[in-house]
Structures are given as structure tokens and as C-alpha cells.
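Chains, contacts and geometry: an overview
What follows is each chain in one-letter form.
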Amino acid sequence: MMTSADQTVAVPDDAAYRDIAALLVERRFSAVPVVDPQGRAIGVVSEDDLLAKETELEAEQEERHRFPLGGRSAERARREIAATTARRLMTSPAVTIGVDQDVAEAARIMLDRHVKRLVVTDEQGRLQGVVSRRDLLKVLARSDEEIRREVAEDVLHGMFRIDKAAVRVRVEDGVVHLRGRVGTRGQARLLCEVVARTDGVVAVADDLWLEDDSPGEGARTGPRGVFEPPEP
């Protein structure tokens, strides 16, 4: 889902205003994460942050024209702005999300915090990547067939070693329907949880039963219904 750490462009906390501005223009970014010497994400510098600093310069120039004998020169103001570092410019703390959190949680955080991107960090706060609204839209736009293929091949067969013939997978409008036999109740619940966290999955309809039971009997793994991704 995210742009990974080795592909993510970040700036050190002592990066200069001019260098950050040039980077945003060159890479066509609207913002860039700021990291400390240990690689921990400590903030974000956006176009808005840079423009706010430019506004300060304009105010300095206006003040100089109104009171020519007081205040600093425009040239000195420009030098001071150019010397401003990322630590002084950034919005801090950065709005972050854990590397193991899912798409639904990322979307909720973006909506709640009114941000266009999230900085992805590990348990130590080190930068692992960035996830943007565009990244989320790519995930949510996955086709039912793409989701079915990942659930059947990567989750059922690859992760759980369940024979593809044992559990049938059907996907409709992002809802995954699972029907078939599994070994234990614990395995059934864990399977539903993992499938629910698969990119693009809206919910999981569980129709599973244990290997020693018959379909539809009272010894099913649990009440039939929809298993939705857990709340953050």
C-alpha cells in the first residue's frame, strides 16, 4: 500500500529552506517527511509551511516600506528565511500510522486528522514509508478477481497451507465469502481476521465448519454472518 522506506524521500531536520523548496519542485511533491539523526519521523514540511515562511518575508518588506528607518532589510530577511531549517519549518508531530495497520485504519486517520498523507513508522518511530490518499484509492479500487486471487493463493494456500479445494472463495463488491472445511475454530477465526485485513476487502462472510462436522450442523465454527475488519 505505502511507498516503502527505501523509495521514500525524506529530509534531515537541519535541511535548509532553499533545499527543501527545490526538492518539492524537482520531485513534484506537496510535502516531505522530516527525520532526526536516528531516522525517526519527527514532522512533515509541506508547500503550505514554505509559503507561510514566504508570507513572513512579504510582511517584512511591507513593514520596511512603511517604516524605512526601522526593521530589517528585505535582503537580510531573505537570508534568514533561506537559513531556516526543516526543524523550524515543519508541522510536528507528524501524523503517523503503524506499519502493520490496515487500509481502513489509514483512511479513518486521514479523515479524522484532515491530512492527505500519513507517515508510516515502526515501533521505534523510525520512518518506514509514506501512504497517501492516492495509495488508498489504488487499494480500494482493486477488482474482485484480484482480491479473490490473493485470498485463495497467498492467504489460504500460501500462509495457512489450506488446500484450495477445501475452502471456496467468492468475492462480490469487496465482500469475501469463505465456504468450506478448516481444522480448528482458532484457525477459522484467524483466517477470517487475516482475510479481513487484505487490501481491498470490505468484509468477510464466514461459512466455515470443522473437518469433523457436516455443513450446516450445530458444530460450526461460529454464527454465520459477516466478519468485518476490527476497529483500530
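Chains are numbered independently. Their residues run from 1 in the order of the written sequence. Totals for whole chains, interfaces and linings use every residue, but because this is a predicted model, local features are given only for residues with pLDDT of at least 70 and side-chain atom pairs only at 80 or more, for both listing and counting. Note that water and hydrogens are dropped before the side-chain values are worked out from all heavy atoms of the structure.

The name given to the protein chain in an unreviewed UniProt entry is CBS domain-containing protein, with Actinospica acidithermotolerans as the source organism.

1. Focus on the pairing of strand E6 (residues 117–121)
The rule is simple: take the accessible area with a 1.4 Å probe, protein chains only, and divide by the maximum for that residue type; under 20% is buried, over 50% is exposed, in between is partly exposed. The secondary structure listing takes helices from DSSP runs of H or I that are at least 4 residues long and strands from runs of E that are at least 2 residues long, numbered from the N terminus. In terms of burial, E6 is largely enclosed, as four of its five residues are buried. When DSSP finds two or more bridges between a pair of strands, those strands are recorded as paired. As paired strands, strand E5 (residues 96–98) and E6 are joined by three bridges and run parallel to one another. The residue of E6 that forms the bridge with Gly-98 is Thr-121. Crossovers are marked right-handed if the path from the first strand over the helix to the second runs clockwise, as seen with the strands pointing away from the viewer. Regarding topology, helix H5 (residues 103–113) serves as the crossover connection from E5 to the parallel E6, and that connection is right-handed. Relative to strand E7 (residues 127–132), E6 runs antiparallel, the two being bridged by five bridges.

2. Here's the deal with the pairing of strand E9 (residues 175–182)
Sheet topology places strand E8 (residues 167–172) next to E9; six bridges connect them, and they run antiparallel. Bridge pairing links Val-171 to Val-176 in E9. Counted between consecutive antiparallel strands, the loop separating E8 from E9 contains two residues, among which Asp-173 sits at a positive phi close to 55°. By the bridge criterion, eight bridges tie E9 to strand E10 (residues 203–210) in an arrangement that is parallel.

3. Details of the confidence of the model for the protein chain
Every residue is assigned a pLDDT by the predictor, reflecting its confidence on a scale from 0 to 100. Chain-level statistics for the protein chain give a pLDDT mean of 81 and a share of 75% at 70 or above. Taken element by element, the predicted model of the protein chain shows its lowest mean pLDDT in strand E11 (residues 225–227) (43) and its highest in strand E2 (residues 11–12) (96). Two residues form a contact once any of their heavy atoms are found within 4.5 Å. This stretch, residues 214–232, has a pLDDT under 50; its non-local contacts, to residues over four places away or in other chains, come to 46 contacts.

4. Observations regarding unusual backbone geometry
In the segment running from Ser-92 into Pro-93, the intervening peptide bond is cis, with an omega of 0°. Here Pro-93 is to be found in the loop between helix H4 (86–89) and E5. In this model, Arg-28 sits at a positive phi of 60°, which is unusual for a non-glycine residue. The residue Arg-28 is located in the loop between helix H1 (17–27) and strand E3 (31–35) in this model. In the Ramachandran plot, Asp-173 falls in the positive-phi region, its phi being about 55° despite a non-glycine side chain. Among the secondary structure elements, Asp-173 is positioned in the loop between E8 and E9. You can call Asp-173 exposed: its relative accessible area is 69%.

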